[in-house]
Amino acid sequence: MKLIDTKLDGVKIIEPKVFKDNRGFFMESFNFKKFEELRLKFDFIQDNHSLSVDKDVIRGLHYQLNPNAQTKLVRVITGSIYDVAVDIRQGSPTFGQWMGVKLSEDNHRMLVVPKGFAHGFCTLQENTHVQYKVDDYYSAENDKGILWNDPALAIDWPTSNPILSEKDAKQPLLNDAEINFLYQTKEGVDHGVL
């Protein structure tokens, strides 16, 4: 597996080793030992799977507050998405900045979205299946979000006419969102909870 850093500290792109032949392909999408070797130690406890029937579906931007914050490992089974992570850690030098990457059934890439980041994606094809692992269970009371087109974020989504859920169409702007993440420095300053 190849690990690729992004401009957001902690957000990583993973390129698995894919073995292809005339029958198709084989790959390990998760291997605890190999992830540990890459210093990606997470206790994933749940797999989620979404199907977006249409192109231009935006799901997000979502996150869960502490103490039920989630790290996500996102991959595409069929179709393709533009996957986005937004830094929402108070005090972070990249607070409010975002990064995006194309994940597809063809490139087999995966994205690690750690705690302290909002996550969302836009489907680039019809009938796109997305699967992601999380390291904490769903918590309705801690389920939060940010408006997909918040002008302060200026995310360059690959659609101008998205298909949204009612919930995602009414999410707050970043400045109004409930956030309890603090930035943790490399020197070991605890990010704690606001």
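Residues numbered from 1 in each chain as written. Predicted model: local features only at pLDDT ≥ 70, side-chain atom pairs only at ≥ 80, totals over all residues. Heavy atoms only, no water.

Enquirer: Quick question: what am I supposed to make of the sheet that holds strand 10 (residues 110-113) here?
Expert: Note: strands within a sheet are paired through backbone hydrogen bonds, in either parallel or antiparallel orientation. One open sheet holds the 6 strands; their spatial order is 1-2-10-7-12-5, and the pairing between them is antiparallel. Only two strands of the sheet have a single partner each, and these edge strands are strand 1 (2-5) and strand 5 (46-52). On average, adjacent strands in this sheet sit at an angle of 25 degrees to one another, irrespective of strand direction. Pairing of strand 1 with strand 2 (residues 12-15), which is carried by 4 bridges, proceeds in the antiparallel orientation. Within strand 2, the position partnered with D5 by the bridge is K12. (Pairing = 2+ DSSP bridges. Helix = DSSP H or I, 4+ residues; strand = E, 2+ residues; numbered from the N terminus. Axes fitted to C-alpha atoms, helices over the stretch in contact; angles between N-to-C directions.)

Enquirer: Would you take a moment to explain the sheet that holds strand 13 (residues 143-145) for this structure?
Expert: Taking strand neighbours across the sheet as the criterion, the 5 strands line up as 9-8-11-6-13 in an open arrangement whose pairing is antiparallel. Looking at the sheet topology across the chains shown, the edges are occupied by strand 9 (98-104) and strand 13. The mean angle between the axes of side-by-side strands here comes to 30 degrees, regardless of whether they run parallel or antiparallel. Bridging between strand 6 (residues 58-64) and strand 11 (residues 117-123) involves 4 bridges; their strand directions are antiparallel. Within the sheet, the bridge partner assigned to G60 lies in strand 11 and is G120.

Enquirer: I would appreciate a short explanation of the nonpolar core in the present structure.
Expert: One recurring pattern in soluble globular proteins is that nonpolar side chains are buried together. With 22 residues, the main nonpolar core has L61, Y63, V86, I88, I146 and W157 as its most contacted residues. If you list the elements that add at least two residues to this core, you get strand 6, strand 8 (80-87) and strand 11. If you look at the next biggest cluster of nonpolar residues, it comprises 17 residues, including L8, V11, M99 and L111. (Core = buried A, V, L, I, M, F, W, Y, C linked by side-chain atoms within 4.5 Å. Buried < 20%, exposed > 50% of the residue type's maximum accessible area, 1.4 Å probe, protein only.)

Enquirer: Mind showing me how you'd approach the pattern of salt bridges here?
Expert: Summed over the entire model, instances satisfying the criterion amount to 12 salt bridges. One salt bridge in this structure joins R109 and E15, with 2.7 Å as the shortest N-O distance. Placement of the pair is R109 in the loop between strand 9 and strand 10 and E15 in strand 2, with a sequence separation of 94 residues. Residue R109 is classed as partly exposed on the basis of its relative accessible area of 22%. Classification of E15 by relative accessible area gives partly exposed; the value is 24%. The salt bridge partner of K133 is D47, with a shortest N-O separation of 3.1 Å. Of the two residues, K133 is situated in strand 12 (residues 128-134) and D47 in strand 5; the sequence distance between them amounts to 86 residues. (Salt bridge = Lys/Arg side-chain N within 4 Å of Asp/Glu carboxyl O.)

Enquirer: Could you clarify how one ought to interpret the packing of aromatic side chains in this entry?
Expert: Any pair of aromatic rings gets described here by the distance separating the centres and the angle formed by the planes. Tallying each qualifying case throughout the model produces 4 aromatic pairs. When the ring of Y63 is compared with that of F181, the centres are 6.3 Å apart and the planes differ by 70 degrees; the resulting orientation is edge-to-face. In this pair, Y63 is assigned in strand 6 and F181 in the segment after helix 2 (166-169), connecting sequence segments 118 residues apart. For Y63, a relative accessible area of 4% corresponds to the buried category. F181 sits in the buried class, given a relative accessible area of 2%. Ring pairing ties together the aromatic residues F30, F35, F42 and F44, which thus form one cluster. The residue whose ring lies beneath K7 is W98, and the NZ or CZ to ring-centre distance is 5.9 Å. (Phe/Tyr/Trp six-rings, centres within 6.5 Å; stacked < 30°, edge-to-face > 60°. Lys NZ or Arg CZ within 6 Å of the ring centre and 35° of its normal.)

Enquirer: Teacher, can you tell me more about the side chain of D143 here?
Expert: Mapped onto the fold, D143 is located in strand 13. The exposure class of D143 is buried, given its relative accessible area of 18%. In terms of polar contacts, D143 uses its side chain to reach the side chain of Y138, at 3.2 Å. The contacts of D143, once residues within four sequence positions are left out, are Y63, Q64, Y138 and K167. (Polar contact = N/O pair within 3.5 Å; in protein donor to acceptor, adjacent residues only side chain to side chain. Contact = heavy atoms within 4.5 Å.)

Enquirer: Please clarify how the environment of E28 should be interpreted in this entry.
Expert: Relative to the helices and strands, E28 is located in the loop between strand 4 (24-27) and helix 1 (32-37). On the basis of relative accessibility, which here comes to 31%, the residue E28 falls in the partly exposed class. If we ignore the near neighbours within four places in the chain, the residues touching E28 are M1, P16, K17 and K34. Side-chain polar atoms of E28 contact the side chain of N31, separated by 3.1 Å.

Nothing here speaks to function; it is all geometry.
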